[in-house]
Amino acid sequence: AYIVKSTNKDELIIHLIWCLYSSWWGGVQMGPPDPILGVTEAFKRDTNPKKMNLGVGAYRDDQGKPFVLSCVRKAEAIITSKQLDKEYLPIGGLGEFSKACAELALGADSEVLKSGRNITVQTISGTGSLRIGANFLSRFHGGPLDVYLPKPSWGNHTPIFRDAGMQLKAYRYYDPSTCGFDFKGALDDISKIPEQSVIMLHACAHNPTGVDPRPEQWKEISDIVKKRNLLVFFDMAYQGFASGDIDRDAWAVRYFIEQGHNIVLSQSFAKNMGLYGERVGGFTVVCNDAEEAKRVESQLKILIRPIYSNPPMNGARIAATILNTPDLRSIWLGEVHGMANRIIKMREQLVAGLKKEGSSHNWQHVIDQIGMFCFTGLKPEQVERLTKEFSVYMTKDGRISMAGVTSGNVGYLAQGIHAVTK
Amino acid sequence: MSVFSEVPQAAPVAVFKLSQDFSNDQFPQKVNLGVGAYRTDEGQPWVLPVVKKVEKIIVHDDRLNHEYLPILGLPEFRSSASKIALGDDSPAIQEDRVGAVQCLGGTGALKMGAEFLRRFYNGNNNTKTPVYVSAPTWENHNAVFANAGFDDVRPYKYWDAENRGLDLAGFLGDLESCPEHSIFVLHACAHNPTGTDPTQEQWMQIADIMMRRKLFVFFDSAYQGFASGSLEKDAWAVRYFVSMGFEMFCAQSFSKNFGLYNERVGNLTIVAQDADNLKRILSQMEKIVRTTWSNPPSQGARIVAITLNSPELFSEWKDNVKTMADRVLLMRAQLKAKLQALGTPGTWDHITEQIGMFSFTGLNSKQVEYMVKEKHIYLMASGRINMCGLTTKNIDYVAESIHETVTMVQ
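Values in this document were obtained by computation on a predicted structure and should not be read as measured data. (Residues numbered from 1 in each chain as written. Chains lettered and ligands numbered in written order. Predicted model: local features only at pLDDT ≥ 70, side-chain atom pairs only at ≥ 80, totals over all residues. Heavy atoms only, no water.)

Asks: Help me out: how do you make sense of the overall build of chain A in this one?
Replies: Helix and strand content of chain A: 17 helices and 13 strands. The C-alpha atoms of chain A give a radius of gyration of 24 Å, which matches the 22 Å a tight globule of 422 residues would have. Each principal axis of the C-alpha distribution contributes one length, and for chain A these read about 85 × 60 × 55 Å. Taking the intrachain contacts of chain A between residues at least 6 apart in sequence as the baseline, contacts between residues at least 24 apart amount to 75%. Surface summary for chain A: the accessible area is close to 17200 Å², and the carbon and sulfur share equals 54%. (Helix = DSSP H or I, 4+ residues; strand = E, 2+ residues; numbered from the N terminus. Rg over C-alpha atoms; globule rule 2.2 N^0.38 Å. Contact = heavy atoms within 4.5 Å. Areas by Shrake-Rupley, 256 points an atom, 1.4 Å probe, with all protein chains shown as cover.)

In C-alpha cells:
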C-alpha cells in the first residue's frame, strides 16, 4: 500500500478500484527464455527450407527424424501383452529397473553390487537425479556445500544445485585455444579445492564441449581428487552414446570406484535409449557398507516423497525390459552403437566438407570431441551470422548438436561455417 | 571414513509401511484398508477399460515417439485437464486467464504451486507466510510446503472428532483470526482422510471470509468424479471460488479417477487475473520445472488427453468413473447396515455421510492396534479406512471385527 496524493475524486476512485482488483502477481517479472530451448523456438519460426536445428541434444536419424529404437518398440509390445496394473511404484521406483541401472553403470561383476553397498533409486531422468542428489547433499553432506563444476558445464547444473541450496564454483576444463582439454589447468584448480567439497565430473561425452579426459588423465584426476578428499558426483547422461560401447563409456566411473572413491552418480536413459519424454533415470550413492546404504535410502525416500511421491512407470518398465531381456539388450547395444557411429561419421564428413570448402583452419577438434555435442570454437558474432545468413540454429557458445547433422545437410553446414570463419 | 556415516535412519512413510506389513502377513483373512487405491470387488487393482483402449491406440500409432514434451507439458493435456476442473464453459477460460502446468501427479502439482508461492507470493521469497492445512489432512501436505521453504505450516480446525463431522465454527474462526495473506490448502471434494466435505452453503461462507481477508486459495483436487460419481458435482467448490474472482491454484490428480497411479499424471491449474499475469506466471513456472524434472513424462498425459478430447472415449471414461464411485457407495451402505444390525456401540451414520475413498471410522489408536494385531485388518493409526479395500466377500469379517474391537477395547 502507498499514499495516493490526489484530490481528484476520479483518480482516487480509479486507484481504489485498482487496489481492489490488483493482482498478487503484479510484481512477477517475465522469466528469460531458456537459452537452449529458445533456439528451437526461433528455429520453428524460420521459413528457410535449408534451415538446420543444431540446438537441443536429441538424436536424429540420417533423415533428420526422431528415432524410436526398435528394442523400445519390441519392449513396448511385450509390456502391453502382459496387461500389468498401474499401482503406485515404491518411492524409490521399479526394483528391476534400479538394479539393472546400477549394473549397467558399475558393471555386473562390481564389488559394490555384490556387497550391496550402493543405493540406486529411479529418478525423473537425469535432471531429476541431479536434483535429488543435490537435495541429498544439501541436507546431509558434512563438508562445504560447494559444488565445483567444470568450466563450462551443462547450463542446467547451476540452477539445479543453487535451488537445492548449494554454492557453485568452477575448475578449468575447456581450453579454447586448442578446443581441447585444459588438463594442466584442471589439475591445478582441483589441487586447490578445499577438502570435502563436491566435484562434478562428466563421466563421458562432456556437455557442451565433447571433450573427455583420456584414461591416463582420468587416473591423475582420481589421484588429486583423492588427495583433496573431495566427494565425487558423476553425471553420466550418455553411456553408450559416446564411443558406442557402454563399458568403455563407464570406464571412468568404474575406475574411480575401484580407486576407493565412494561416488554419487546420476544416470539418464533419455539419449541412449531414446526415452527422452518418458523421463527415465537413476541416482546412486556408493556407501561404505549395506547398513549405511539402508540409512541413505531411507533419507532419499524422505526427500522424494514431497516432490513427486513416486516415479512414473512407463519408461522404467521399458528400460528394465530391454536391459533384462538378453535378445533386447543385444539389439539395444547394436542400436546405441549405430547412433554413436552415425555421429562419428558426421563429424568426419563435416571436417572433410570444411577442407573441401577450402578452410585453412584446424578442425581436428571436431573429430577428437566425442558424443552428441561439438564445441566448434565459433565466436558469438560468427554464430549470429551462421544463424542469420544460413538459418543454422545453435547455442551462442558455439555448441552444435551433431545429432542434427545428416549426410543431406552436412555439406551446407560446412559451407556456412566456412563462410563465417574464412 | 564415509561422508555419510552420520546419516540417521529415517522413519518409513506410514502408509507404505502399512502395505508392507500387510504383504508380509500370512493370515488368510487379512484385509488391507490402508493405501488409497481403488480395488474391484475381487480385491484387485482395476485398469480402466477406457485406459486399456487408449493405450492400444498409442502403441499402434507410428506417428508417436518418445521426444521431450515442452517444459510445461503436453498442451492438449493441460487445457483439457483444466476444463475438467473449471468446466467447458468457464468464463475464466474464455477470458484467457487460465493456464496449467503438467506435473508428476497431484504431489507434483502441489510442489510446483508451493515452490511458486514461496518465491513470488506475498513478497519475494517470503518463507514466513503461514500455510494452513486442515486438521487432519493428507500427511504429505505438510512436507510438500515445508520442503518448498515455508517455515510456518499450521493446522486449521476441520474435523470435529466428538461429533464426527465438520468443525465449521472452528474452521471459520481460523479463517477470521489468521494473518492476512495466509495460504489455505482446501480439499476440493472427498476430504482425505475424513471424507467430510463442507456443504455448498458452508463453502460460500468460507469463500466470503477468504475474499475479505485476502487469503490465498490453493485447492487440492485428487478425487474429481470419484467422490459423487459426477465430475460437475465434485468440482462445485472449485468453480464457485473461480466465479467469486479469486486468483487461485488447483492441484489436480488423475491417479484415482483415471486409475493411472504409477504414470504420475497431474495438472496445476492456475487461475490468474488476466492474460498478462498468466503469461508471466507460466514463464516463472518453467524455471522451477526446469530445475526439478526439466519436463514431465508423456505416457500418462497422452492417455488422459486422448480420452478427454474424444467424445466417445470421454463418455466411456465417465462411465468407468461412475462404476468406481458406485461400488464405494455400495460398500458404505453395506458397512453401515451391518454395524447397525450387529448393534455395534456408537453411531455409524458418518460412514454413509462421508464421501469418497476414505472414511474416518472414529476408532482410536488402541482400537486400531487391536484391529491390526488381532484381526489382521490393516488401517491407518488415525482410524482412516479405504472403502475400496472392502468387498462383498470381506465386509462381514470387517464389520464383525469392528464390532468386537469397539466392545473389547476402549
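So, next bit.
Asks: Is there a simple way to explain the packing of aromatic side chains in this structure?
Replies: In this description, an aromatic ring pair is defined by two values, namely the gap between the centres and the angle between the planes. This structure, assessed with the given rule, holds 49 aromatic pairs over all chains. On the basis of an interplanar angle of 15° and a centroid distance of 5.0 Å, the ring pair of A:W251 and A:Y255 is categorised as stacked. Residue A:W251 and its partner A:Y255 are both found in helix 11 (residues 251–258); the two are separated by four residues, about one turn of the helix. A relative accessible area of 30% means that A:W251 is categorised as partly exposed. Members of the aromatic cluster, joined through ring pairs, are B:F116, B:F120, B:Y121, B:F145, B:F150, B:F216, B:F218 and B:F249. If you follow A:R399 out to its NZ or CZ, it ends over the ring of A:F373, 3.7 Å from the centre. Here the basic side chain of B:R384 rests over the ring of B:F358, its NZ or CZ set 3.7 Å away from the ring centre. (Phe/Tyr/Trp six-rings, centres within 6.5 Å; stacked < 30°, edge-to-face > 60°. Buried < 20%, exposed > 50% of the residue type's maximum accessible area, 1.4 Å probe, protein only. Lys NZ or Arg CZ within 6 Å of the ring centre and 35° of its normal.)

Asks: Could you clarify how one ought to interpret the environment of A:F373 in this entry?
Replies: Residue and element names in this part refer to chain A. On the secondary structure map, F373 appears in strand 11 (residues 373–375). The buried category is assigned to F373, whose relative accessible area is 3%. A sequence separation of 65 residues divides F373 from Y308, and the C-alpha atoms of the two residues are 31 Å apart. For F373, the residues in contact, after removing those within four places along its chain, are G55, G57, N207, P208, T209, G210, Y238, R347, R399, I400 and S401.

Asks: What should I look at first to understand the interface of chain A and chain B in this one?
Replies: Taken together, the 75 residues of chain A in the interface contact 76 residues of chain B. Roughly 6500 Å² is buried in total at the junction of chain A and chain B, and carbon and sulfur atoms are behind 56% of that figure. It is A:W24, A:W25 and A:K86 that lose the most area in chain A upon contact with chain B, and together they represent 15% of the buried surface on that side. Linking chain A to chain B there are six salt bridges. Counting across the interface, chain A meets chain B through 32 residue pairs in polar contact (both at pLDDT 80 or more). With 11 residues, the single largest contributor to the side of chain A that touches chain B is helix 12 (residues 290–308) of chain A. Of the residues assigned to the side of chain A that touches chain B, the class counts are 38 nonpolar, 20 polar and 17 charged. (Buried area = accessible area lost by both parts, 1.4 Å probe. Salt bridge = Lys/Arg side-chain N within 4 Å of Asp/Glu carboxyl O. Polar contact = N/O pair within 3.5 Å; in protein donor to acceptor, adjacent residues only side chain to side chain. Nonpolar A, V, L, I, M, F, W, Y, C, P; charged D, E, K, R; others polar.)

Asks: Any chance you could explain the nonpolar core here in plain terms?
Replies: Counting 139 residues, the largest nonpolar core has A:W25, B:F218, B:F249, B:L268 and B:L335 as the members making the most contacts within it. With eight residues, helix 13 (residues 311–342) of chain B is the single largest residue contributor to this core. Grouped together as the second largest cluster of nonpolar side chains are 67 residues, A:C71, A:M372, A:L413 and A:A419 included. (Core = buried A, V, L, I, M, F, W, Y, C linked by side-chain atoms within 4.5 Å.)

Asks: How do you make sense of the side chain of B:S294 when you look at a structure like this?
Replies: Checked against the element boundaries, B:S294 lands in the loop between helix 11 (275–290) and helix 12 (298–308). Within polar-contact distance, the side chain of B:S294 engages the side chain of B:R290 at 3.0 Å. Those residues in contact with B:S294 that sit more than four places away from it in its chain are A:T127, A:N156, A:R279, B:I71 and B:V289.

Asks: Would you mind showing me how to read the sheet that holds strand 4 (residues 153–157) of chain B here?
Replies: Adjacent strands of a sheet pair through backbone hydrogen bonds, lying either parallel or antiparallel. Residue and element names in this part refer to chain B. Judged by pairing direction, the sheet is mixed, and its seven strands sit side by side in the order 2-10-9-8-7-3-4 without closing on themselves. What marks the edges here is a single partner per strand, and that holds for strand 2 (98–104) and strand 4. Adjacent strand axes in the sheet meet at a mean angle of 25° when their direction is disregarded. Here strand 7 (residues 183–187) pairs with strand 8 (residues 216–221) via five bridges, running parallel. Bridging from a neighbouring strand, I183 pairs with F216 of strand 8. Lying over the sheet, helix 7 (residues 168–177) contacts strand 4 and strand 7, oriented at roughly 135° with respect to strand 4. (Pairing = 2+ DSSP bridges. Axes fitted to C-alpha atoms, helices over the stretch in contact; angles between N-to-C directions.)

Asks: How should I be thinking about helix 17 (residues 410–421) of chain A in this particular structure?
Replies: Helical periodicity: at 3.6 residues per turn, an α-helix aligns residues three or four positions apart in one direction. Residue and element names in this part refer to chain A. Here helix 17 contains 12 residues, and its C-alpha end-to-end distance of 16 Å stays within 8% of the 16 Å for a straight helix at 1.5 Å per residue. The buried count for helix 17 comes to 10 of 12 residues, which makes it a mostly enclosed element. For helix 17, the full list of buried residues reads V410, Y412, L413, A414, G416, I417, H418, A419, V420 and T421. If you follow the buried residues of helix 17, they end up packed against strand 1 (52–53), helix 14 (326–357), helix 16 (380–390), strand 12 (392–393) and strand 13 (399–401). (Expected span 1.5 Å × (residues − 1).)

Asks: Before we go on, may I ask you to explain the pattern of salt bridges in this structure?
Replies: Any two side chains of opposite charge can pair, so long as their charged atoms come close to each other. Residues and elements named next belong to chain B. Applying the stated criterion across every chain, the model contains 39 salt bridges over all chains. In this structure, the salt-bridge partner of D276 is R280, at a minimum N-O distance of 3.0 Å. Residue D276 and its partner R280 are both found in helix 11; the two are separated by four residues, about one turn of the helix. The exposure class of R280 is buried, given its relative accessible area of 13%.

Asks: I'm lost on the side chain of A:Q122 in this one. Help?
Replies: All names here are of chain A. Of note, Q122 is situated in strand 2 (residues 118–124). Overall, the relative accessible area of 0% leaves Q122 in the buried class. Here the side chain of Q122 touches P312 through a polar contact of 2.8 Å, landing on its backbone oxygen. Other than its neighbours up to four places away in sequence, Q122 contacts L89, G92, G93, L94, F97, S98, G281, Y308, P311, P312 and A316.

Asks: In this structure, what is going on with unusual backbone geometry? I would like to understand it.
Replies: Glycine aside, negative phi is the norm for most residues, and most peptide bonds take the trans geometry. Note that the residue after A:K151, namely A:P152, is joined by a cis bond; omega there is 0°. Here A:P152 shows up in the loop between strand 3 (146–151) and helix 7 (157–163). Along the chain, A:N207 connects to A:P208 via a cis peptide bond; the corresponding omega equals 20°. Counting through the fold element by element, A:P208 comes out in the loop between strand 7 (198–202) and helix 9 (215–227). In this model, B:N122 sits at a positive phi of 60°, which is unusual for a non-glycine residue. Note on placement: B:N122 falls in the loop between helix 5 (105–120) and strand 3 (131–135).

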